[in-house]
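So you can see what is in the structure, the chains are spelled out below.
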Amino acid sequence: MNQFLSIDDVPDPAGLVKEALVIKTDPFAFSHLGKNKTLGLVFLNPSLRTRMSTQRAAQNLGMDVMVLNVDKDGWQLEFEDGAIMNGASQEHIKEAAAVISQYCDIIGIRTFPSLQDREADYNEKILRSFARNATVPVISLESATLHPLQSLADWLTIEEHKTKDMPKVVLTWAPHPKALPQSVPNSFVQWIRKAPVEFVITHPEGYELNSRFTAGVTIEYDQNKALAGADFVYAKNWSSYNEYGKILSQDSSWMVTEEKMALTNQGSFMHCLPVRRNVIVTDQVLDGPNSLIINEAGNRVYAAQAVLKSILENGASGSN
Ligand code: CP
């Protein structure tokens with residue numbers, strides 16, 4: 001692999017899941033690979049899991065890590081080509097990406113959507129611009145429309161915990177007081193539809209995701225029907241794609257409760273975190289025996305490690 005911006009960069013997604021599972025059995029087996037290599041992590045937005053799991057993954061591979069919180073510590077970036085920079089922004093992404101490439105052998109970047117301009121978000125303007133101007137491999141730490149490192153960890157978690165060849169996996173929308181990106185559900189659909197599972201998406205009408213991702217996937221508007229017999233329930237809120245960035249419903253009857261989980265096949269509960277307790281899902285489900293949220297977050301290390309390993313093996317080499 002020479003970059004990791006989406007599943008399209010992964011020749012064999014199922015193979016990458018297997019690789020991550022193998023790495024988990026012996027995380028330091030490839031600690032020579034990253035010797036004298038540096039990973040740069042650039043955050044335009046907050047993060048707990050992605051930040052720490054990707055650092056840990058790099059350390060397991062013997063890499064050094066540098067973190068730049070652009071939102072707090074960096075110069076304000078300009079993304080427009082041809083901009084007359086006489087306003088608030090002080091540094092163009094062209095220089096920023098090229099300069100960080102002088103210090104790092106691989107760069108990860110996190111950039112959330114505006115949720116205002118659908119075209120710019122879905123063109124991945126910031127991620128693509130950064131990758132175009134970087135001279136080393138770039139990985140997405142979550143972009144405007146996708147979160148592939150999360151989805152790889154999600155598939156890995158399902159693979160570890162499944163008790164049948166074709167488990168039923170349900171992606172359910174759940175309520176939230178703020179407008180959230182579609183990146184986690186978009187990516188989850190992209191990856192999980194390639195997994196050996198029966199896959200169903202459930203959400204209120206109006207919350208249809210971009211059909212580029214969902215075409216051919218079963219969508220059931222009745223959450224209770226969708227949950228029947230589920231082996232894995234993956235809850236996530238997202239704002240509307242069609243009425244872009246809007247909150248159309250805060251219907252608390254979509255919250256995942258013990259009663260809802262009782263409809264499943266003793267199903268496991270998953271969420272990418274952070275999660276709003278007793279809004280998205282109740283305490284009882286989160287703290288119950290079928291909750292996989294902590295394993296899932298732990299697997300972020302091995303997902304990131306599989307990606308970094310593949311890029312290092314492909315010969316990632318910066319200017320330093
Ligand atoms: N799931 C996830 O990406 O968590 P963070 O936003 O904390 O990185």
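Residues numbered from 1 in each chain as written. Predicted model: local features only at pLDDT ≥ 70, side-chain atom pairs only at ≥ 80, totals over all residues. Heavy atoms only, no water.

Participant: So what's going on with the pattern of salt bridges? Which residues, and what values?
Facilitator: Pairing of side chains with opposite charge becomes possible as their charged atoms draw close. In total, this model carries eleven salt bridges according to the counting rule given. Across the pair Glu-19 and Lys-309 runs a salt bridge whose closest N-O atoms are separated by 2.5 Å. Placement of Glu-19 in helix α1 (residues 13-25) and of Lys-309 in helix α13 (residues 293-313) is noted, with a sequence separation of 290 residues between them. You can call Glu-19 partly exposed: its relative accessible area is 25%. The partner of Lys-162 in a salt bridge is Glu-159, and the shortest N-O contact between them spans 3.0 Å. Lys-162 gets classed as partly exposed once you look at its relative accessible area, which sits at 23%. Assessed through its relative accessible area of 27%, Glu-159 is described here as partly exposed. (Salt bridge = Lys/Arg side-chain N within 4 Å of Asp/Glu carboxyl O. Helix = DSSP H or I, 4+ residues; strand = E, 2+ residues; numbered from the N terminus. Buried < 20%, exposed > 50% of the residue type's maximum accessible area, 1.4 Å probe, protein only.)

Participant: I'd like a description of the nonpolar core, backed by residues and values.
Facilitator: The tendency in soluble globular proteins is for nonpolar side chains to be buried side by side. Counting 63 residues, the largest nonpolar core has Phe-4, Leu-16, Ile-106, Phe-199 and Val-307 as the members making the most contacts within it. If one sorts the elements of this core by residue count, α13 sits on top with nine residues. Counting only domains with at least three residues in this core, you end up with domain 1 (7-146 + 300-313) and domain 2 (150-297). The residues touching Phe-199, leaving out its near neighbours within four places in the chain, are Val-169, Leu-171, Phe-188, Val-189, Ile-192, Arg-193, Val-217 and Thr-218. (Core = buried A, V, L, I, M, F, W, Y, C linked by side-chain atoms within 4.5 Å. Domains from an automatic or database assignment. Contact = heavy atoms within 4.5 Å.)

Participant: Explain the site of the ligand to me, using residue names and the numbers behind them.
Facilitator: Ser-47, Leu-48, Arg-49, Thr-50, Arg-110, His-147, Gln-150, Cys-272, Leu-273 and Arg-300 make up every residue found near the ligand. Within the side chain of Gln-150, an N or O atom sits 3.0 Å from a nitrogen atom of the ligand. In the complex, 93% of the free accessible area of the ligand, which totals 250 Å², lies under the protein chains. Each residue belonging to the shell around the ligand can be placed in one class, and the counts come to three nonpolar, four polar and three charged. Both domains that furnish three or more residues to the shell around the ligand are identified here as domain 1 (7-146 + 300-313) and domain 2 (150-297). (Near = heavy atom within 4 Å. Polar contact = N/O pair within 3.5 Å; in protein donor to acceptor, adjacent residues only side chain to side chain. Areas by Shrake-Rupley, 256 points an atom, 1.4 Å probe, with all protein chains shown as cover. Nonpolar A, V, L, I, M, F, W, Y, C, P; charged D, E, K, R; others polar.)

Participant: Tell me about helix α6 (residues 125-133), residues and numbers included.
Facilitator: Considered for burial, the residues of α6 that qualify are Leu-127, Ser-129, Phe-130 and Ala-131. Tucked inside the fold, the buried residues of α6 contact β1 (38-43), α4 (93-103), β5 (106-110) and β6 (138-140).

Participant: An account of a nonpolar patch on the surface is requested, with residue identities and associated values reported.
Facilitator: Residues Met-66, Val-99 and Tyr-103 make up a contiguous nonpolar surface patch of roughly 270 Å² in combined accessible area. Position of Met-66 relative to the elements: it lies in strand β2 (residues 64-69). (Patch = residues over 30% accessible without salt bridge, like charges linked within 9 Å, V, L, I, M, F, W, Y side chains within 5 Å.)

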